[in-house]
Amino acid sequence: MALMGRKIVDIRAYVVEGGGADYHDQSEDHWIVQQIATPMSIYPEYKATRTSFGINARKTLVVEVESDNGVVGFGITTGGYPAAWLVMNHFDRFVVGKDANEIEKIWDQMYRASLYYGRKGVVKNAISAIDLALWDLLGKLREEPVYAMLGGKVREELTFYATGPRPDLAKDMGFVGGKIPLLKDEPMPVNGKLKVSDKPGFGLELNRDKALVQVKKGTRL
């Protein structure tokens, strides 16, 4: 187990456009953009596609936290530029300089400090990205998967279904089922499971092939 008592020395926020956590941020010919019933479907001018009313306006938020020994944890969610601004101009003060073990305290301080304008929406997106990054960092520092720090795993596999217009592809990829969000055929039941990762942190790698737009402290949006 790695030496504990590490301090967080930096926090960074990035915005990714074109996919990622904001899975609605796709090209106009993507199935998820096409006509699917939404609360905006009652307005003819916003019925044809979901991007017509800005369902993809949030974009993906990536947060990195770095400890004093150079280890980096990251978290991903939606929220885009507004959430990134909050990370770098409000919530950073509760993270930088703090002990990497104090995840619950950091979360509580961020939540309480944002009660006057938050409690939901993009504010919770920002808090969630930081929280995920902190857990990922702590897991890497302790050289443990996150589930071990939360009390240990209770099963060897997790079952998932996939949402999309092609349940046959969900079956090929090993999902247990496919949910079709369109008025088409019934979902096709399939068999399959995904293994639980034993890697430190969340066991994920940050794909830097995506264009990461960094939002720094003091950035004006």
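Description of the structure in this document. Nothing here was measured: the structure is a model prediction, and the numbers come from that model.

## Here we look at the packing of aromatic side chains
- All chains considered together, the criterion is met by 1 aromatic pair.
- Geometrically, the ring pair formed by W107 and Y111 is stacked, given 5.1 Å between the ring centres and 10 degrees between the ring planes. Taken together, the residues W107 and Y111, both in helix 2 (residues 103–113) and 4 residues apart, mark about one turn of the helix.
- Given the relative accessible area of 27%, W107 is considered partly exposed.

## A look at helix 2
- Within the sequence span of helix 2, burial applies to I103, I106 and M110. Down the axis of helix 2, the buried side of the element spans an arc of 65 degrees, and every buried residue falls inside it. Away from the buried face of helix 2 by more than 90 degrees, exposed residues E104 and R112 are located.

## Concerning the pattern of salt bridges
- Applying the stated rule across the entire model yields 10 salt bridges.
- The partner of E64 in a salt bridge is R12, and the shortest N-O contact between them spans 3.0 Å. In this pair, E64 sits in strand 2 (residues 60–67) while R12 sits in strand 1 (residues 8–16), placing the two residues 52 residues apart along the sequence.
- Judged by relative accessible area, which is 5%, E64 ranks as buried.
- When salt bridges with common partners are traced through the structure, they connect D10, R12, E64 and E66 into a single cluster.

## A short note on the pairing of strand 1
- Buried residues dominate strand 1, accounting for 7 of its 9 residues.
- Bridge count between strand 1 and strand 2: 8 bridges; the pairing is antiparallel. Paired with V16 across the two strands is T60, which belongs to strand 2.

## Here's the deal with the nonpolar core
- In this structure, V63, V65, V87, F91 and I130 are the most contacted members of the largest nonpolar core, which totals 32 residues.
- Elements represented by at least two residues in this core include exactly strand 1, strand 2, helix 1 (80–89), helix 2, helix 3 (121–142) and helix 4 (146–149).
- The element best represented in this core is helix 3, accounting for 11 residues.
- With near-sequence residues (within four places) excluded, V63 lies in contact with I11, R12, G73, F74, G75, V87, A129, I130 and A133.

## Here's the deal with the packing of helix 2 against helix 3
- Taken N-terminus to C-terminus, the directions of helix 2 and helix 3 make an angle of 170 degrees; their axes are 10 Å apart at the nearest point. When the axes of helix 2 and helix 3 are compared, the pair comes out roughly antiparallel. For the pair helix 2 and helix 3, contact is made by I103, E104, I106, W107, M110 and Y111 and by K124, I127, I130, D131, L134, W135 and L138, respectively.
- A per-class count over the contact of helix 2 with helix 3 returns 10 nonpolar, no polar and 3 charged.

## Comments concerning the side chain of R12
- Take R12: its relative accessible area is 15%, and that puts it in the buried class.
- Polar side-chain contacts of R12 include one of 3.4 Å to the side chain of Y14.

Parameters at a glance
Residues numbered from 1 in each chain as written. Predicted model: local features only at pLDDT ≥ 70, side-chain atom pairs only at ≥ 80, totals over all residues. Heavy atoms only, no water. Phe/Tyr/Trp six-rings, centres within 6.5 Å; stacked < 30°, edge-to-face > 60°. Helix = DSSP H or I, 4+ residues; strand = E, 2+ residues; numbered from the N terminus. Buried < 20%, exposed > 50% of the residue type's maximum accessible area, 1.4 Å probe, protein only. Arc of directions from axis to C-beta. Salt bridge = Lys/Arg side-chain N within 4 Å of Asp/Glu carboxyl O. Pairing = 2+ DSSP bridges. Core = buried A, V, L, I, M, F, W, Y, C linked by side-chain atoms within 4.5 Å. Contact = heavy atoms within 4.5 Å. Axes fitted to C-alpha atoms, helices over the stretch in contact; angles between N-to-C directions. Parallel < 35°, antiparallel > 145°, perpendicular 65-115°, else oblique. Nonpolar A, V, L, I, M, F, W, Y, C, P; charged D, E, K, R; others polar. Polar contact = N/O pair within 3.5 Å; in protein donor to acceptor, adjacent residues only side chain to side chain.

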